[in-house]
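Here are the chains, one letter per residue:
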Amino acid sequence: MDLILVNLIDGLVTGLLLFMLSAGLTLIFSMMGVLNFAHASFYMLGAYFAYQISIALGFWMGLLIAPLIVGVMGAGVERYGLRRVHKYGHVPELIFTFGLALLIEELVQFIWGKNQMPYQIPDALNFTAFAISGNSIPAFKIFMIFISVSIFIGLLFVLTKTRVGMIIQAALSYPRTVEALGHNVPLIFMGVFGVGTALAGVAGVIAGPVLGTFPGMAFVLGSIVFVTIVIGGLGSLWGALVASLLIGWITTFAKSYNIAMSDILNGIGLSTPENLDDSVFRDLWTVTSPQIADILPYILMVLILIFRPYGLFGKRDA
Amino acid sequence: MKNITRLGAVSALSLIIGASAAFAENIKIAFIDPLSGPFASTGTNGLHQFEFAVDHMINEKGGILDGQNMEIVAFDNKISPKESLIQLQVAIDQGIRYIAQGNSSGVANALTEAIDKHNRRNPDSRVLFLNYAAVDPALTNEKCNFWHFRFDANADIKMDALTDVMVQNPDIKKVYIIGQDYSFGKAVAAAAVDMLGKKSDIEVVGNELHPIGKVKDFTPYARKIVSSGADAVITGNWGADMLGLGKSVIENGFEGPIYTYYAAGSGITAAFGESGKDKIRLIAQGGINPIATEEARETYEAFEAKYPDGNIDQSRIFNVIGMLSKAIEEAGTADDVVAVASKLEGMEYDSMWGGKLFMRPQDHQLIQDMHVGVHTDENIEFDYDKSGFGVLTESTVEMASMDSPTSCEMKRPE
C-alpha cells in the first residue's frame with residue numbers, strides 16, 4: 001500500500017517531465033504541421049548548457065539562463081532554417097529537423113565528448129524530503145514537480161486568458177485569417193517554436209542531474225515524446241498532460257510490480273504448457289511486466305490510433 | 001627564406017616517405033566496438049587505451065619482429081551484432097589478422113561464430129579474436145574455439161571472487177540481483193544465485209532484468225530494491241545503465257554496498273562523486289590504487305599526459321597488447337595466426353598491473369588476480385575522470401578460479 005503512494009509520486013515526476021517536452025512539441029506540430037525530430041535534442045542542449053553554466057555560476061543561474069539560450073537557438077532555427085525549408089513542403093521540413101537532431105548530437109559529442117557529465121543536484125536540494133516506509137523521496141523530485149506544475153499553469157493561463165494566447169490559438173486553426181487581420185503570423189510561429197524549445201530546455205536542466213547528462217539522452221527520450229502527443233491528441237495541452245501522466249504511471253507501475261504473463265493467462269483459464277521449452281509460445285509465457293514496461297506506451301498508441309485516431313483530447317478529425 | 005622553404009619541403013617529403021614505408025608493414029588490429037550511440041563513451045575510451053598501449057609499449061620501443069609497428073584500425077559496430085559482422089568482413093578484406101572486441105557478449109557471440117566459420121573456410125586469411133571485455137562464460141565453454149582468447153575474467157570467475165568477499169561480510173543477509181536483459185546480464189544473475197547458494201545462506205530477495213540501453217528512469221527498480229529489504233545489490237550493468245541504476249538506488253535511500261562489474265571511468269566515477277563513496281564496489285582485474293609497479297605508474301602518467309580527460313579503466317588492454325606481441329615475437333611471424341595462437345595458449349606473463357597471467361590452454365580463458373575495490377577519494381593516487389575519486393583495492397583473490405571446470409572441447413587446426 002505504501003509502495004503505491006511512492007509509485008504514484010515517481011510516476012508523476014516521470015509524467016511531468018515528459019509533459020514539459022511534449023507540451024512544446026504538440027504546439028509546434030499543430031501550428032506548423034512539422035514533426036520536430038530535433039525536439040529532444042533541445043532537451044539535451046538544455047542539460048549541457050545548464051551543466052556548463054552551473055560550473056561557473058551555480059545551478060540556479062543554469063536553470064535561468066540555459067532555457068533562454070535554448071529558446072533563442074530554437075527561434076533562430078525556425079527563423080533561418082525551417083522557414084526557408086517550409087516552402088518546399090513537409091518532407092524537406094522533416095528531413096531538416098532529422099538532420100538537425102543528428103547535427104546537435106555530433107556537436108555535443110564534439111564539444112563535451114562522449115562521457116557522462118558530472119552534472120549534480122544542487123546542495124540546497126540534495127536531501128531527503130520525506131520517506132514512506134524506507135523509500136525516500138528526494139527533495140529534488142518535489143522541486144521537479146513544482147517546476148513543471150507551475151509551467152503548466154503558466155502556459156494554460158497564457159494560452160486561454162491572454163490576448164497573445166488567443167491570437168496563438170486562432171493562428172493554430174486559421175493562420176490566413178489571422179494574418180489578414182494584421183497579425184504577424186510568422187513572428188508568432190517563431191515565438192511558439194522558441195518557447196517550445198525553451199520548455200524542452202527547462203526539462204533538460206532539471207532532468208540532467210537525475211537521469212544523467214550524456215550524448216545518448218536525446219535518443220533515449222526522443223521517440224516516447226512523439227508517442228505522448230499522438231496519444232494526447234495533436235495540439236492539445238490538456239491532452240499532452242493527460243497522456244504524459246498516463247505514460248508515467250503505466251511504465252512506473254509495470255516496472256514496480258512483477259506481474260507475470262503466465263499468471264494473467266492462467267487467470268483467464270489457460271493452463272501453462274507442461275514443457276515450456278518446447279512450446280512455441282515460450283517467450284509469451286515467461287514475459288513479465290517490467291520487461292515490457294517500456295513498450296506499453298507504444299501499444300497504447302497503436303490502440304489509440306485504431307479506436308480514436310485524433311487522440312484523447314484532439315479536436316481535429318483525422 | 002627560399003632555402004628554409006626548400007628544407008621544409010624536403011623534410012616534409014622525407015617524413016611522408018618514411019611514414020608510408022612504416023605504414024606498409026604495420027601489424028594491424030581491428031577494433032570493433034561502439035563508437036556512436038548510448039555506449040559510445042565506453043567504446044571510445046577502450047579505443048584510446050588500445051591506441052596508447054600500442055604506441056607506448058610497442059611502437060615507441062622500436063616495434064616488434066624486424067621493427068614492425070602495430071596499428072589499431074577502428075570500426076564502429078553501433079553495438080549491433082549484425083553491424084559487427086559487416087565490419088568484421090571489411091576488416092578481413094583489408095587484410096587485418098587480429099580482431100579486438102569487448103563491449104557486449106551478444107556481439108562477441110556473433111563474432112566468435114563468424115570467425116570460426118571464416119577460418120575453416122578460408123585457411124589463407126585466418127584471423128584471431130582478442131576478446132578484451134566480453135565476459136559471457138559461454139564464450140570459453142560450450143561456444144569456445146581455437147581462435148578466441150579472453151583476456152578479462154569471465155562472469156563466473158568474477159562472481160566466484162566477488163561472492164568469496166561478500167560471504168565474509170556478516171552484515172549481508174539479503175541480496176538483490178539486477179542486470180541488463182541479454183546474455184551477459186543473465187550469466188551474472190545465474191552465477192550469483194548459484195554461488196551464493198553454494199557458499200552461504202545469503203538469501204536472494206530479487207532477481208530481475210531490464211531492457212539494455214532503453215531505461216530512462218531507474219526509480220521504479222530502485223523502489224523495489226529498497227522495499228525488498230536487501231542489504232546489498234549485485235549488478236553487471238555498464239555504461240549509462242550502470243550510472244542510471246546506481247544513482248537512482250542511492251538517491252532513493254539504499255544504504256548498503258552495491259557490487260558492480262563496471263561502475264568506474266567513462267564519466268561514471270565523476271558522476272557518482274561523493275554520493276557513491278564507500279557504497280559502490282567493483283570486481284575487476286588489474287587494480288590501479290595502490291599501483292603495482294613503477295612501470296605501471298610511468299605508463300599511467302604518460303597516458304594522462306596524452307589523454308588528460310581519459311582513464312586507464314581497462315588495464316587488461318595493455319595485457320592484450322603485451323601478450324600478443326610476446327606471442328608474435330615467439331612465433332617469429334604475425335601473418336601465421338595459427339603459430340601465434342599456439343604461442344598464446346598456455347602463455348605465462350607478468351603484468352605490469354601486478355600478478356601473473358596465465359592463458360589457460362583448454363579454454364583460452366586468462367587466469368589472473370581479481371580485486372574488489374571501493375569507490376572513494378581517500379588514498380587514491382590515480383583518480384578517474386579528474387574527479388578526485390577512484391577505485392581503491394580492498395581485497396584480492398589470487399589466480400581466481402584457476403581450477404574452475406570448463407565444458408570447452410577445443411578443436412585445434414591440423
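Conventions we followed
- Residues numbered from 1 in each chain as written.
- Chains lettered and ligands numbered in written order.
- Predicted model: local features only at pLDDT ≥ 70, side-chain atom pairs only at ≥ 80, totals over all residues.
- Helix = DSSP H or I, 4+ residues; strand = E, 2+ residues; numbered from the N terminus.
- Rg over C-alpha atoms; globule rule 2.2 N^0.38 Å.
- Buried ≥ 20, exposed ≤ 12 C-beta atoms within 10 Å, placed from the backbone.
- Contact = placed C-beta atoms within 7 Å.
- Axes fitted to C-alpha atoms, helices over the stretch in contact; angles between N-to-C directions.
- Parallel < 35°, antiparallel > 145°, perpendicular 65-115°, else oblique.
- Left-handed = near helix turned anticlockwise from the far one by under 90°.
- Pairing = 2+ DSSP bridges.
- Nonpolar A, V, L, I, M, F, W, Y, C, P; charged D, E, K, R; others polar.
- Domains from an automatic or database assignment.
- Core = buried A, V, L, I, M, F, W, Y, C linked by C-beta atoms within 7 Å.

(A) Representation of the overall build of chain B. In terms of regular secondary structure, chain B is built from 12 helices and 15 strands. On C-alpha atoms alone, chain B measures out to a radius of gyration of 22 Å, which is about the 22 Å that the 2.2 N^0.38 rule sets for 414 residues. Overall, the C-alpha framework of chain B stretches about 75 × 60 × 40 Å when taken along its three principal axes. Looking at chain B as a whole, 54% of its 414 residues are labelled buried. Nonlocal contacts in chain B, meaning residues at least 24 apart in sequence, comprise 72% of its contacts between residues at least 6 apart.

(B) A look at the packing of helix H2 (residues 39-57) of chain A against helix H9 (residues 217-232) of chain A. Residues and elements named next belong to chain A. Relative orientation of the contacting elements H2 and H9 amounts to 140 degrees, with a least axis distance of 8 Å. Regarding the angle of H2 to H9, the classification is oblique. Like other packed secondary-structure pairs, H2 and H9 cross with a definite hand, here right-handed. Taken together, the residues of H9 that come into contact with H2 (itself represented by His39, Ala40, Ser41, Tyr43, Met44 and Ala47) are Met217, Ala218, Leu221, Gly222 and Val225.

(C) Seen up close, the environment of Asn126 of chain A. Within the fold, Asn126 of chain A resides in the loop between helix H4 (90-112) and strand E1 (128-132). Spatially, the C-alpha atom of Asn126 of chain A lies 6.6 Å from that of Ala139 of chain A, the residues being 13 residues apart in sequence.

(D) Expanded view of the sheet that holds strand E8 (residues 232-235) of chain B. All names here are of chain B. Taken in spatial order, the 7 strands make up an open sheet running E7-E6-E8-E9-E10-E14-E15, and their pairing is mixed. In this open sheet, the two edge strands, each paired with only one partner strand, are strand E7 (203-210) and strand E15 (390-397). Averaged over neighbouring strand pairs, the angle between their axes works out to 25 degrees when direction is ignored. Strand direction decides the pairing type here: strand E6 (residues 174-180) and E7, joined by 7 bridges, are parallel. Across the sheet, Tyr176 pairs through a bridge with Gly206, a residue of E7. Its contacts with the sheet put helix H6 (residues 183-199) on E6, E7 and E8, and the angle it makes with E6 is roughly 160 degrees.

(E) Spatial organisation of the interface of chain A and chain B. At the junction of the two partners, chain A supplies 32 residues and chain B supplies 35 residues. Taken together, the elements giving at least two residues each to the side of chain A that touches chain B come down to helix H1 (2-32), E1, strand E2 (135-138), H9, helix H10 (237-256) and helix H13 (289-292) of chain A. Broken down by element, the residue count for the side of chain A that touches chain B peaks at 5 residues, all from H1 of chain A. For the side of chain A that touches chain B, the per-class residue count stands at 13 nonpolar, 15 polar and 4 charged.

(F) Examining the packing of helix H11 (residues 316-331) of chain B against helix H12 (residues 337-344) of chain B more closely. Residue and element names in this part refer to chain B. Direction vectors running N to C along H11 and H12 enclose 115 degrees, while the axes themselves pass 8 Å from each other. The way H11 lies across H12 gives a crossing that is right-handed. Note on element contacts: H12 touches H11 through Ala339, Val340, Lys343 and Leu344, opposite Met323, Ala327, Ile328, Glu330 and Ala331. Across the contact of H11 with H12, the residue classes tally to 7 nonpolar, no polar and 2 charged.

(G) Focus on the domain arrangement of chain B. Residue and element names in this part refer to chain B. According to the domain assignment, chain B contains domain 1 (2-152 + 294-367) and domain 2 (156-289 + 369-397). Here the C-alpha centre of domain 2 lies 28 Å away from the C-alpha centre of domain 1. On the domain 2 side, the residues contacting the 23 residues of domain 1 number 23 residues. Counting only elements with at least two residues in the side of domain 1 that touches domain 2, the list comes to helix H2 (40-58) and helix H4 (105-121).

(H) Structural detail: the environment of Ala66 of chain A. Residue and element names in this part refer to chain A. Inspection of the secondary structure puts Ala66 in helix H3 (residues 59-86). Considered as a pair, Ala66 and Pro273 are 207 residues apart in the sequence and their alpha carbons are 57 Å apart. With residues near it in sequence (within four places) discarded, Ala66 still touches Gly46, Phe49, Ala50, Ile53, Gly201 and Val205.

(I) Region of interest: the nonpolar core. Core analysis: the largest hydrophobic core is formed by 217 residues, its most contacted members being Ile99, Leu128 and Leu130 of chain B. Every residue in contact with Leu128 of chain B, bar those within four places of it in the chain, is listed here: Arg97, Tyr98, Ile99, Trp147, Phe149, Val337, Val340 and Ala341 of chain B.

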